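Topology and contacts: notes
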Amino acid sequence: MHNGGSSSSLGPGGLDLTQAFFRPIISAAPPSPTKRHTKISVIGAGNVGMAIAQTILTQDLADELVLVDAKADKLLGEMLDLQHAAAFLPRTKIMADVDYAVTAGSDLCIVTAGARQMPGEARLNLLHRNVALYRAIVPPLVKYSPETILLIVSNPVDILTYVAWKLSGFPSNRVIGSGTNLDSSRFRFLIADHLDVSAQDVQAYIVGEHGDSSVALWSSISVGGVPILSFLHKQEIFYEKETLENIHKEVIDGAYQVIRLKGYTSWAIGYSVANLARTLLRDQRRIHPVSVIAKGFYGIEGGDVFLSLPARLGRSGVLGVANVHMNDEETRRLQSSAETILELTGQLEI
């Protein structure tokens, strides 16, 4: 199936139209062998995978975009649909196949594929099915792209990032989960909405599990460089802790609300993951709350666990974890979040 969408060789004789259409200039050197070519592979062509692919294309983040899925017909249809938009997009070679060989040489592999929870199914059983699925996904990605960065999006993202790390044998800096990058965006939006400012002027993080045990770092929130809680205290402006908890609850319930209304989430996670791809591949050294190996940070001990911490990201993956201020309560909640994830990962056989 794999089709780049264009070819300069046409006709029964294989006429090379490029050579016929363009004449070289005098004394020209051959193309540079060191020219940088960026390749991104997206594993899973469902709603999330295609939203990510579409956003990557519109933001001109890759020279080559590869789609992989088990459903050949849907995969071909999605590839053709994107290729037909070529006149409206930056030039990107788009390929697709059920064979992982098409991902060879990828700079970034984004995994969105995952088993869906069936009605009444226990969370642990769902995890076992996802581990089996990842056994079929991760090894071929490693085989064909041994220097790639793995970016895990499938849920439960923290546990599956750990699974991908164990299966890949990669150093921990090259296996990252999308984690609470989107949760933090929702958090920033809600705070900005309350204060009538741009969300880009709000510095605020959700950390820990991408789920119900996530932690809102209220003590380190700032707007336009002004620490919010310190400002309220100095101005003797009263606020109720319950108000803060309700905003955090809105963050947690945000995805559930979207799923209830439209059946799935796609656009926000598409922008979130494309945002991560930009930081990684363009070596922007930005700080994102993403799922990384957390042992040794903020008193988290007891085993290897992946959860979201504010991490500096660049071309080699995770460059370090920011020493963000947390008060005692936030630290305790983060440690409790880690214990929640460790309890589940301890029951997996990888």
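Thresholds applied
Residues numbered from 1 in each chain as written. Predicted model: local features only at pLDDT ≥ 70, side-chain atom pairs only at ≥ 80, totals over all residues. Heavy atoms only, no water. UniProt positions renumbered as here; feature names shortened; annotations may be inferred. Pairing = 2+ DSSP bridges. Helix = DSSP H or I, 4+ residues; strand = E, 2+ residues; numbered from the N terminus. Axes fitted to C-alpha atoms, helices over the stretch in contact; angles between N-to-C directions. Parallel < 35°, antiparallel > 145°, perpendicular 65-115°, else oblique. Left-handed = near helix turned anticlockwise from the far one by under 90°. Contact = heavy atoms within 4.5 Å. Buried < 20%, exposed > 50% of the residue type's maximum accessible area, 1.4 Å probe, protein only. Right-handed = clockwise from strand over helix to strand, strands pointing away. 1 Å grid on protein atoms, 1.4 Å probe; cavity = no way out; pocket = protein on both sides within 12 Å on 5 of 7 lines; lining within 4 Å. Points joined across faces, edges and corners; volume = space filled by probe spheres on them. Nonpolar A, V, L, I, M, F, W, Y, C, P; charged D, E, K, R; others polar. Polar contact = N/O pair within 3.5 Å; in protein donor to acceptor, adjacent residues only side chain to side chain.

In the annotation of an unreviewed UniProt entry, the protein chain is listed under the name L-lactate dehydrogenase and assigned to Trapa natans. Per UniProt, the comment on the protein chain under Catalytic activity (unreviewed entry) is "(S)-lactate + NAD(+) = pyruvate + NADH + H(+)". The protein chain has a UniProt comment under Pathway (unreviewed entry) that states "Fermentation; pyruvate fermentation to lactate; (S)-lactate from pyruvate: step 1/1."

**Some remarks on the sheet that holds strand β9 (residues 202-203)**
Pairing between the strands of a sheet is mediated by backbone hydrogen bonds and can be parallel or antiparallel. Within the open sheet, the three strands sit side by side as β9-β12-β13. Their pairing is antiparallel. Two strands bound the open sheet, and with one partner strand each, they are β9 and β13 (226-227). Pairing of strand β12 (residues 222-223) with β13 involves two bridges; the strand directions are antiparallel. Residue valine 223 lies in a different strand from β13, and its bridge partner there is valine 226.

**As for the packing of helix α5 (residues 157-168) against helix α10 (residues 328-345)**
At a minimum axis separation of 10 Å, α5 and α10 run at an interaxial angle of 55°. On the basis of the axis angle, α5 is oblique to α10. Considering only the axes of α5 and α10, their crossing is right-handed. For the pair α5 and α10, contact is made by Asp158, Ile159 and Tyr162 and by Ile341, Leu344 and Thr345, respectively.

**Some remarks on the side chain of serine 214**
With respect to the helices and strands, the residue serine 214 is situated in the loop between β10 (206-207) and β11 (215-216). With a relative accessible area of 5%, serine 214 lands in the buried category. Residues contacting serine 214, with those up to four places away along its chain left out, are Ile206, Val207, Glu209, His248 and Ile252.

**Observations regarding the pairing of strand β5 (residues 93-97)**
Most of β5 is tucked away: four of the five residues are buried. Pairing analysis gives five bridges linking strand β4 (residues 64-68) to β5, with the strands arranged parallel. When the sheet's bridge partners are listed, leucine 65 is paired in β5 with isoleucine 94. Note that the unit made of β4, helix α3 (residues 72-83) and β5 has a crossover that is right-handed.

**Here's the deal with the layout of surface pockets**
Empty space within the second largest pocket amounts to approximately 530 Å³. At the level of secondary structure, the elements contributing two or more residues to the lining of the second largest pocket comprise α6 (181-195), β9, α9 (267-281) and β14 (287-293). Looking at the lining of the second largest pocket residue by residue, the classes come out as 10 nonpolar, nine polar and three charged.

**Re unusual backbone geometry**
The peptide bond linking asparagine 155 to proline 156 adopts the cis configuration, its omega dihedral lying at 0°. Within the secondary structure, proline 156 is located in the loop between β7 (149-152) and α5. Despite not being glycine, aspartate 196 has its phi angle at roughly 60°, a positive value. For arginine 285, which is not glycine, the phi dihedral falls at a positive 60°.

**What to know about the UniProt feature "active site" (unreviewed entry) in the protein chain**
Sequence positions flagged by UniProt for "active site" (unreviewed entry) are, in local numbering, His210. You can see histidine 210 is positioned in the loop between β10 and β11. Every residue in contact with histidine 210, bar those within four places of it in the chain, is listed here: Asn155, Val157, Asp158, Gly179, Thr180 and Asp183.

**Let's talk about the UniProt feature "binding site: NAD(+)" (unreviewed entry) in the protein chain**
Taking the numbering used here, the UniProt-annotated feature "binding site: NAD(+)" (unreviewed entry) corresponds to Gly44, Ala45, Gly46, Asn47, Val48, Gly49, Asp69, Asn130, Val153, Ser154 and Asn155. Following the sequence through the fold, glycine 49 ends up in helix α2 (residues 47-58). Glycine 49 sits in the buried class, given a relative accessible area of 0%. What glycine 49 contacts, discounting residues up to four positions off in sequence, is Val42, Gly44 and Thr112. Within the fold, asparagine 155 resides in the loop between β7 and α5. Excluding anything up to four places from it in sequence, asparagine 155 contacts Asn130, Leu160 and His210. Among the polar contacts made by the side chain of asparagine 155, one reaches the main-chain amide nitrogen of valine 157 at a distance of 3.3 Å.

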